[in-house]
Amino acid sequence: MIENDHKSQGAAFGMRGIVKRVLPHIILCAFSLMILMPLLWILRVSFTDRLTAYKIPPEIGTVGLMNYVEIFQRYPFASWFLNSLIVALGATAIALPLATALAYAFARFNTGGTFLRLGVLASQMLPPIILVLPLFGMFLMAGLMHSRTGLVIAHLTISLPFLSWMLVSFFEGDVARLEEAARVDGATRWQAFRHIAVPVAAPGILAAGLLGFILSWNEFLFALVLSGPSSQTLPVGLAALETHAGVEIAPLAAATVVSLVPVFALLPFLRKHLIKGLSLGALK
Amino acid sequence: MASISLSNIHKLYPNGYAAVRDVSLDIRDGEFMILLGPSGCGKSTTLRMIAGLETISAGDLHIGGARVNDVDPADRDVAIVFQNYALYPHMTVADNLSFGLRLRNVERRIIEGRVATIAGMLGIGDLLARKPAQLSGGQRQRVALGRALVREPKAFLLDEPLSNLDAKLRASMRTELIKLHRTLGTTIVHVTHDQVEAMTMGERICIMKDGVIVQVGAPMEVYRNPVNTFVAGFLASPPMNLLHGMLDSDRISIGDVVLPLPQSLRRAFASHAGRKVIVGLRPEDFHLKADAAPVAAPIEVVSVTTEVLGPEVILVGTLKNSSAELHIRCPRDFRSEPGAMTVFNYDLSQLQLFDIETTTALMRPVKI
Ligand SMILES: Nc1ncnc2c1ncn2[C@@H]1O[C@H](COP(=O)(O)OP(=O)(O)OP(=O)(O)O)[C@@H](O)[C@H]1O
Ligand SMILES: [Mg+2]
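Residues numbered from 1 in each chain as written. Chains lettered and ligands numbered in written order. Predicted model: local features only at pLDDT ≥ 70, side-chain atom pairs only at ≥ 80, totals over all residues. Heavy atoms only, no water.

(A) Region of the structure containing the overall build of chain A. Within chain A, the secondary structure is distributed over 13 helices and zero strands. Helices and strands in chain A line up, N terminus first, as α-α-α-α-α-α-α-α-α-α-α-α-α. Of all 284 residues assigned to chain A, the portion counted as buried reaches 42%. Taking as baseline every contact in chain A between residues at least 6 positions apart, the subset at least 24 positions apart corresponds to 73%. Of the roughly 15700 Å² that chain A leaves accessible, carbon and sulfur atoms contribute 75%. (Helix = DSSP H or I, 4+ residues; strand = E, 2+ residues; numbered from the N terminus. Buried < 20%, exposed > 50% of the residue type's maximum accessible area, 1.4 Å probe, protein only. Contact = heavy atoms within 4.5 Å. Areas by Shrake-Rupley, 256 points an atom, 1.4 Å probe, with all protein chains shown as cover.)

(B) Spotlight on the sheet that holds strand 17 (residues 312–319) of chain B. Residues and elements named next belong to chain B. One open sheet accounts for five strands, arranged 15-19-16-17-18; its pairing is antiparallel. Pairing within the sheet leaves two strands with one partner each, and these edge strands are strand 15 (286–287) and strand 18 (325–331). Looking at chain direction, strand 17 and strand 18 are connected through seven bridges and run antiparallel. Directly across from Thr-318, in strand 18, lies its bridge partner Glu-325. (Pairing = 2+ DSSP bridges.)

(C) Spatial organisation of the site of ligand 1. Residue and element names in this part refer to chain B. In the neighbourhood of ligand 1, 13 residues make up the surrounding shell, with Ser-39, Gly-40, Lys-43, Ser-44 and Thr-45 lying closest. One of the backbone nitrogen or oxygen atoms of Gly-40 is found 2.7 Å away from an oxygen atom of ligand 1. Note that an oxygen atom of ligand 1 is positioned 2.8 Å from one of the side-chain N or O atoms of Lys-43. Out of a free accessible area of 640 Å², ligand 1 has 65% covered by protein chains. With three residues, the single largest contributor to the shell around ligand 1 is helix 1 (residues 43–51). Here the residues of the shell around ligand 1 are counted per class, giving four nonpolar, seven polar and two charged. (Near = heavy atom within 4 Å. Polar contact = N/O pair within 3.5 Å; in protein donor to acceptor, adjacent residues only side chain to side chain. Nonpolar A, V, L, I, M, F, W, Y, C, P; charged D, E, K, R; others polar.)

(D) Structural detail: the domain arrangement of chain A. All names here are of chain A. Splitting chain A by domain gives domain 1 (2–46) and domain 2 (69–278). A C-alpha centroid distance of 37 Å is found between domain 1 and domain 2. Counting from both sides, the interface comprises six residues of domain 1 and, opposite them, eight residues of domain 2. Of all residues in domain 1, the largest losses of buried area upon contact with domain 2 belong to Ile-42, Val-45 and Ser-46, amounting jointly to 65% of the total for that side. Our count for the contact surface shared by domain 1 and domain 2 stands at zero salt bridges. Linking domain 1 to domain 2 there are zero residue pairs in polar contact (both at pLDDT 80 or more). Taken together, the residues of the side of domain 1 that touches domain 2 sort by class into five nonpolar, one polar and no charged. (Domains from an automatic or database assignment. Buried area = accessible area lost by both parts, 1.4 Å probe. Salt bridge = Lys/Arg side-chain N within 4 Å of Asp/Glu carboxyl O.)

(E) Layout of the packing of aromatic side chains. Residues and elements named next belong to chain A. Counted under the stated rule, the structure contains 16 aromatic pairs over all chains. Between Phe-77 and Trp-80 the ring centres are 6.2 Å apart and the planes differ by 70°, which places this aromatic pair in the edge-to-face class. Note that Phe-77 and Trp-80 are positioned in helix 5 (residues 77–109) at a spacing of three residues, about one turn of the helix. This pair shows no difference in class: Phe-77 is buried, exactly as Trp-80 is. (Phe/Tyr/Trp six-rings, centres within 6.5 Å; stacked < 30°, edge-to-face > 60°.)

(F) Region of the structure containing the pattern of salt bridges. Residues and elements named next belong to chain B. Tallied over the full model, the rule gives 26 salt bridges over all chains. When the shortest N-O distance is used, the salt bridge between Lys-11 and Glu-54 registers 3.6 Å. Of this pair, Lys-11 sits in strand 1 (residues 4–12) while Glu-54 sits in the loop between helix 1 and strand 4 (58–63), and the two are 43 residues apart along the sequence. You'll find Lys-11 and Glu-54 in the same group, each marked buried. Residue Glu-31 is joined to Arg-28 by a salt bridge in which the shortest nitrogen-to-oxygen separation is 3.2 Å.

(G) Structural detail: the interface of chain B and chain A. The interface of chain B with chain A comprises 24 residues on the first partner and 17 residues on the second. Interface of chain B and chain A: buried area, both sides summed, is about 1900 Å²; carbon and sulfur atoms make up 63% of it. Taken together, the connections running from chain B to chain A amount to three salt bridges. In this structure, the salt-bridge partner of Arg-48 of chain B is Glu-180 of chain A, at a minimum N-O distance of 2.7 Å. The tally of links between chain B and chain A comes to nine residue pairs in polar contact (both at pLDDT 80 or more). Contributions of two or more residues to the side of chain B that touches chain A are made by helix 1, strand 6 (78–81), helix 2 (93–103) and helix 4 (137–149) of chain B.

(H) Representation of helix 5 of chain A within the structure. All names here are of chain A. Between its terminal C-alpha atoms helix 5 stretches 46 Å, which fits the 48 Å expected from 33 residues at 1.5 Å a residue. Maximal helix bending in helix 5 amounts to about 25°, located at Ala-95; proline Pro-97 follows within four positions. One or two residues past the end of helix 5 sits Asn-110, with phi positive at roughly 50°. (Expected span 1.5 Å × (residues − 1). Bend = angle between axes of the 7 residues up to and from the residue.)

(I) Local environment of the sheet that holds strand 2 (residues 18–27) of chain B. Residue and element names in this part refer to chain B. Within the open sheet, the four strands sit side by side as 2-1-4-5. Their pairing is antiparallel. Only two strands of the sheet have a single partner each, and these edge strands are strand 2 and strand 5 (66–67). Two elements, strand 4 and strand 5, share two bridges in a ladder whose sense is antiparallel. Across the sheet, residue His-62 finds its bridge partner in strand 5, namely Arg-67. Lying on the sheet, helix 1 is in contact with strand 1, strand 2 and strand 4; it crosses strand 1 at an angle near 115°. (Axes fitted to C-alpha atoms, helices over the stretch in contact; angles between N-to-C directions.)

(J) Looking closely at the pairing of strand 8 (residues 187–192) of chain B. Residues and elements named next belong to chain B. With six of six residues buried, strand 8 lies mostly within the body of the structure. Alternating positions in strand 8 separate into two faces, Thr-187, Val-189 and Val-191 on one and Ile-188, His-190 and Thr-192 on the other, with burial throughout. Pairing of strand 3 (residues 32–36) with strand 8 involves five bridges; the strand directions are parallel. Residue pairing for strand 8: Leu-35 is matched across the bridge by Val-191. Relative to strand 8, strand 7 (residues 155–159) runs parallel, the two sharing five bridges. Bridge pairing in strand 8 links Ala-155 to Thr-187. Chirality of the crossover, the property in question, places the unit of strand 7, helix 5 (residues 167–184) and strand 8 among those that are right-handed. (Right-handed = clockwise from strand over helix to strand, strands pointing away.)

(K) A look at the side chain of His-272 of chain B. Relative to the elements of secondary structure, His-272 of chain B occurs in the loop between helix 9 (263–269) and strand 14 (275–281). Contacts of His-272 of chain B, omitting those with residues within four sequence positions, involve Leu-247 and Leu-362 of chain B.

(L) Up close: helix 2 (residues 15–46) of chain A. All names here are of chain A. Counted at 1.5 Å a residue, the expected span for helix 2 with its 32 residues is 46 Å, and the 44 Å between its end C-alpha atoms agrees. Remark: the principal bend of helix 2, roughly 40°, maps to Leu-36, with a proline, Pro-38, within the next four residues. For helix 2, every residue scored as buried is listed here: Gly-17, Arg-44, Val-45 and Ser-46.

(M) Representation of the packing of helix 5 of chain A against helix 8 (residues 148–171) of chain A within the structure. All names here are of chain A. Direction vectors running N to C along helix 5 and helix 8 enclose 35°, while the axes themselves pass 6 Å from each other. Taken as a pair, helix 5 and helix 8 cross one another with a handedness that is right-handed. Looking at the contact of helix 5 with helix 8 residue by residue, the class counts come to 21 nonpolar, six polar and two charged. (Left-handed = near helix turned anticlockwise from the far one by under 90°.)

Quick look at the structure:
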């Protein structure tokens, strides 16, 4: 043991030690670049004009905010943004309480048994395109086509199963013991749920809400098929930029950057609460 | 305050496991009752059925005279302290303590008063603003106890509340719980698998095994007259030595060792003469002095090892020409080399015999 320690200590100063310490960083940097490059590229393009956008090696031409101005003036970017916001907020606001209740029922009462649990999961595994056509038919009949309400409902088919599946684990384990203590303390089932289970699972519920929002914000297929001119969301709008007259690469980059803002704004919260939520089991 | 009565209670878990079978137990109003038994014998299950956290598969449960089988746990007005305390992690100590009272819409002023009283009583007054994560194990244990006390329930159900504490803290909490019971006089059902807790704390002990009650009685009664070898081998540490022997009309032979039966026991055991039996010899009934007991028989013990505990020495030894080990409680200055032989005087009046097949006690020679 002691000998080994000496060896590794000696190695830390030798050639092998340096390689050992540097190599992981090189690999990690390479991976980070792979992920970051497209984002950085988009950021650069969003501030340049159409002509310099494609230049390789990259060239800094006229730098300015013209693309950002353009997307608001020549395209209904504000409307896309607003639609996305309304749909994503709406779908999350409806999905979150329902998913919480569903997850609680799964965790506490094993409602529907394994069959229902797997059923909910299975609906997540279907390619979304399978759901789009029946939804299209039903929305036509119900007069929900091209409406934001319709889109909210469509997004629920994604977020409800996903969020409830994710939340089940937050209601299992220690929380059940705490609820038992509360029940003996005089709480009704509802009070135990409301005052113990929900606050204790709050980090998880919050994380689920944030994920649900992002899911809906980025959703493309349902929005493409089911939305109309006045209810188009960002992903659909961005796609339209690509197909107009060639690819409007510079405004597209600007639009992409703006549409990423809310997601990036949410990420720190998501990270914090997800980690807090997942380590909840460690609490005694 | 209330009595708790279990009549023919069964618990069948959904997976078909019968955790508790035909348990009948009357716990008097204000009694300190101990549920004692090895791990998995159904102690927690029984306690959880009393609290209403498990459904009762069959039988009747009465609290304070009223049948409560189908009463919601919230309405049973009992308090439970769990082994892992189950404090609400998102609430301060004060909120943990007052949760039950707030649910009952008790007036703010009264709540604050009671929380302060209980916190003072348990010495957790300085911790009221903290969250459970910021407490030590002993402090959490006190908060859990306080949460039960503050509501002034009809009965306290304690599920191994001391088992997570270190030995010293456990000993002092043991004393405190006894004092608490004396002041409050509330019914307590205390689950434990620690026989010291059982002997020292309870007014009565209920010993369970494999989901059934084996014996119920006052600590000394259970200690003196164990109904079978399980109880004899479970109580006290070291427990009673159980050796195979042969019963004749006037003596018992354990291998080469022959113990003469005193006159009083001869008559009692007469009907079993000529049968193989299990002989129960308590470690504390062996004496070095010849005159320590009025009716004694010499027993030669070959030393295997000695455990020097400080206040006393436990001799682990074997009988002559036998491999069966036995433990003997000796005075603190006793020493013996391995292989050395010591002659002890065994107090024959304490002799216990058990049926070799059923393991039940042949008779109970001593009444207290
Ligand atoms: N939910 C359950 N489903 C099936 N079996 C269970 C369940 N809970 C407990 N059991 C079983 O019932 C038996 C009694 O359990 P219980 O928790 O009452 O034991 P215990 O006496 O409290 O033991 P310990 O001293 O280890 O706490 C055990 O064999 C256990 O495995
Ligand atoms: Mg238990």
